[in-house]
Amino acid sequence: MHILIIEDEEQLCCSIAEGLRMNGYETDTCFDGNEGLELCMTESYDLILLDLNLPGTDGLDILQQFRTSDSTTPVLILSARGQIQDKVEGLDLGANDYLTKPFHFEELEARIRSLTRRKFIQEDICLKCGRIIFDTRTRKASVDDATLSLTRKESALLEYFLLHQGRIISPEEMIEHLWDGSVNSFSNSIRVHISSLRKKLRAALGFDPIQNKIGQGYILMEEIS
């Protein structure tokens, strides 16, 4: 999951970003409204965390402009403005949720899980592909009830494959949603993580469910009889 955090309190912004990264999310950060608006309009994210009191472009203005071109990406407002009229205005302009500062990080994580599940229309917290099961709440993967020992990056990769199973995923898309932008599509980092995940799945399943489509990317498929 690739999340953009637009928050002018740099310490808070970096703290949120670090906490999310430790839990397997990829994050971009910015501290002013002008840069935040530009990122919203030019980049692709799975979720946006948006402060309202920003230098440059105000958070509500960002939200209003963003919704003219993107009506589906979840936006979670983080704001010290706790009055009911502020919440109503934010929600009416297209925010999906509103969390008043100060807040507990655990509650923020729960709100993020809820919004991203809604985005992918995932009614069950467990993602499945054949004998593979991934619990999005506990971040645990299993095959035939046997737990797979995966790294954070491998878990994030498997979750993304499961959310988009049957579709070819390019290296560029993986970088955009699962890396922090510090690697490119030719980086060995991607191949290493995917190779490790494929080995673990192959050992558990007896076959490789992730296929490499030369020049296109990778695809997760159920076993073909």
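Below or above, wherever it landed, is the structure these notes cover.

The rules behind each value
Numbering of residues starts from 1 in every chain and runs along the sequence as written. Restriction of local features to residues with pLDDT of at least 70 applies here, the model being predicted, together with a cutoff of 80 or more for giving and counting side-chain atom pairs; totals for whole chains, interfaces and linings are based on all residues. Note that the side-chain values use all heavy atoms of the structure and ignore hydrogens as well as water. Orientation is described by axes fitted as lines to C-alpha atoms, over the contacting stretch for helices, and by angles from 0 to 180 degrees between their N-to-C directions. A helix here means a DSSP run of H or I that spans at least four residues, while a strand means a run of E at least two residues long, and both kinds are numbered starting from the N terminus. Each angle is binned into one of four classes, with values under 35 degrees roughly parallel, values over 145 roughly antiparallel, values of 65 to 115 roughly perpendicular, and all other values oblique. We call two residues contacting when some pair of their heavy atoms lies within 4.5 Å. Gly falls in the polar group here, along with every residue not listed as nonpolar (Ala, Val, Leu, Ile, Met, Phe, Trp, Tyr, Cys, Pro) or charged (Asp, Glu, Lys, Arg). Side-chain atoms within 4.5 Å link the members of a nonpolar core, which is a set of buried Ala, Val, Leu, Ile, Met, Phe, Trp, Tyr and Cys residues. Each residue gets one of three labels from its accessible area relative to the maximum for its type: buried under 20%, exposed over 50%, partly exposed in between, using a 1.4 Å probe on protein chains only. When DSSP finds two or more bridges between a pair of strands, those strands are recorded as paired.

**What to know about the packing of helix α6 (residues 152–163) against helix α8 (residues 188–205)**
Orientation of α6 relative to α8, taken along the N-to-C sense of each, is 75°, at an axis distance of 10 Å. Comparing the axis directions of α6 and α8 gives the class roughly perpendicular. In this structure, α6 uses Lys153, Glu154, Leu157, Leu158 and Phe161 to contact α8, whose residues at the interface are His193, Ile194, Ser196, Leu197, Lys200 and Leu201. Here the residues of the contact of α6 with α8 are counted per class, giving 6 nonpolar, 2 polar and 3 charged.

**Digging into the nonpolar core**
Across soluble globular proteins, nonpolar side chains show a tendency to be buried alongside one another. Counting residues in hydrophobic clusters, the biggest one holds 27 residues, and the most contacted among them are Leu158, Phe161, Met174, Leu197 and Leu201. Looking at this core, the elements that each hand over two or more residues are β6 (126–129), β7 (132–135), β8 (140–143), α6, α7 (171–178), α8 and β11 (217–220). Per-element tally for this core: the top contributor is α6, with 6 residues. Setting aside residues no more than four positions away along its own chain, Phe161 makes contact with Ile169, Met174, Leu197, Ile210, Tyr218, Ile219 and Leu220. Listed in part, the 19 residues of the second largest apolar core include Ile6, Leu37, Cys40 and Phe66.

**A few points about the pairing of β8**
The pairing of β7 with β8 spans 4 bridges and is classified as antiparallel. Bridge pairing links Phe134 to Ala141 in β8. The turn joining β7 and β8, which pair antiparallel and follow one another in sequence, is formed by 4 residues; a positive phi near 65° is taken by Arg139. Relative to strand β9 (residues 146–148), β8 runs antiparallel, the two sharing 3 bridges. Paired with Val143 across the strands is Ala146, a residue of β9.

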